[in-house]
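In case you want the letters, here they are:
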Amino acid sequence: MAAKAASLSSTAPAAALLLLLAAAGLAGATEYTVGDSEGWTIGPSYLAWSQKYNFTAGDTLVFNYVQRQHDVFRVTQDAFQTCDPANKTMQRWASGHDVVELAAPGIYYFICNVSGHCLGGMKFSVAVGEPLPPPSPPPPPPRASLFPPPPPVGSGAASLTRRRWMQALVMPVSCLGLIIGMLI
Ligand SMILES: [Cu+2]
């Protein structure tokens, strides 16, 4: 019985730590490669790709492509729909390996501005939600001293209870004696 309790108290902190690590992994920022292994190019369905994931603020998008064959424009909804980014571009990238942070919640619109590519399907939008709240701090691990071993069945428990009763009785009796002594 006592051995079982000891083994439980030693595995509990380890289990709590695993849960905490899992929660931290879920709450942390995620990096998404646009188009997955196909990258940013003509051909893949970026609408289908963008609908596979739930994006939250703090996540990042990585655009991988051959430099000068494509580029990345973050544009307004209007420019996204018409594929015409003139005066409607908020940010642009052209390095071939562009890391774009989705810093705040909202809808982000991306297109490729190489002629014909947006109309050819190189466009997608992502709806970025609020980040998950941080995990609450873990409770302090239980200490062995907080769990005294149970008293042996029989004599121990009974004698302990009797001793407490004796202590509870001795105090008022001795006080009463003192008062009586003062009165006499
Ligand atoms: Cu392109």
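Residues numbered from 1 in each chain as written. Predicted model: local features only at pLDDT ≥ 70, side-chain atom pairs only at ≥ 80, totals over all residues. Heavy atoms only, no water.

Caption draft 1: View of the packing of aromatic side chains. One pass over the full model with this rule turns up 16 aromatic pairs. Judged by centre distance (6.0 Å) and plane angle (70 degrees), the rings of Y53 and F55 are edge-to-face. For F55, a relative accessible area of 4% translates into the label buried. Each residue in the set Y32, W40, Y46, W49, Y53, F55, F63, W93, Y108, F110 and F124 is aromatic and connected to the rest through ring pairs, giving one cluster. For the cation-ring pair, K123 lies above F80, with the distance from its terminal atom to the ring centre recorded as 4.5 Å. (Phe/Tyr/Trp six-rings, centres within 6.5 Å; stacked < 30°, edge-to-face > 60°. Buried < 20%, exposed > 50% of the residue type's maximum accessible area, 1.4 Å probe, protein only. Lys NZ or Arg CZ within 6 Å of the ring centre and 35° of its normal.)

Caption draft 2: Up close: the environment of E130. Within the secondary structure layout, E130 lies in the loop between β8 (123-129) and α4 (155-183). Considered as a pair, E130 and A57 are 73 residues apart in the sequence and their alpha carbons are 5.7 Å apart. Setting aside residues up to four positions removed in sequence, E130 forms contacts with T56 and P105. (Helix = DSSP H or I, 4+ residues; strand = E, 2+ residues; numbered from the N terminus. Contact = heavy atoms within 4.5 Å.)

Caption draft 3: Seen up close, the nonpolar core. If you look at the biggest cluster of nonpolar residues, it comprises 21 residues, and the most contacted ones within it are W40, L61, F63, F110 and F124. For this core, the elements supplying multiple residues, two or more each, are α2 (46-50), β3 (60-64), β7 (106-111) and β8. The biggest single contributor to this core is β8, with three residues. Core analysis: the second largest hydrophobic core is formed by eight residues, V75, F80, Y109 and I111 among them. (Core = buried A, V, L, I, M, F, W, Y, C linked by side-chain atoms within 4.5 Å.)

Caption draft 4: Representation of the coordination of the copper ion in the model. Surrounding the copper ion are the protein donor atoms H70 (ND1), C112 (SG), H117 (ND1) and M122 (SD), which sit 2.0 to 2.7 Å from the metal. Angles of 85 to 133 degrees at the metal separate the four donor atoms of the copper ion, which places the site in the irregular class. In the primary structure, the donors to the copper ion are separated according to the pattern H-x41-C-x4-H-x4-M. In this pair, H70 sits in the loop between β3 and β4 (72-75) while H117 sits in the loop between β7 and β8, placing the two residues 47 residues apart along the sequence. Each member of the pair H70 and H117 is classed as buried. (Donors = N, O, S within 2.8 Å, 3.2 Å for Na, K, Ca; no water. Tetrahedral: all angles 85-135°; square planar, octahedral: opposite > 155°, others 65-115°.)

Caption draft 5: Examining the pairing of β3 more closely. In terms of residue burial, β3 counts as a mostly covered element, since four of its five residues are buried. Here strand β1 (residues 31-33) pairs with β3 via three bridges, running parallel. The residue bridging T33 from the neighbouring strand is V62, located in β3. Bridge count for β3 against strand β6 (residues 97-101) is five bridges, and the pairing is antiparallel. The partner of L61 across the bridge, within β6, is V100. (Pairing = 2+ DSSP bridges.)

Caption draft 6: Looking closely at the confidence of the model for the protein. The pLDDT averaged across the protein works out to 78; a share of 62% of its residues lies at or above 70. Below a pLDDT of 50 lies the segment residues 1-10, which in the model reaches zero contacts outside its immediate sequence neighbourhood of four places, other chains included. Taken together, the stretch residues 14-26 has pLDDT below 50 and engages in four contacts with residues farther than four places along the chain or on a different chain. (pLDDT = per-residue confidence, 0-100.)

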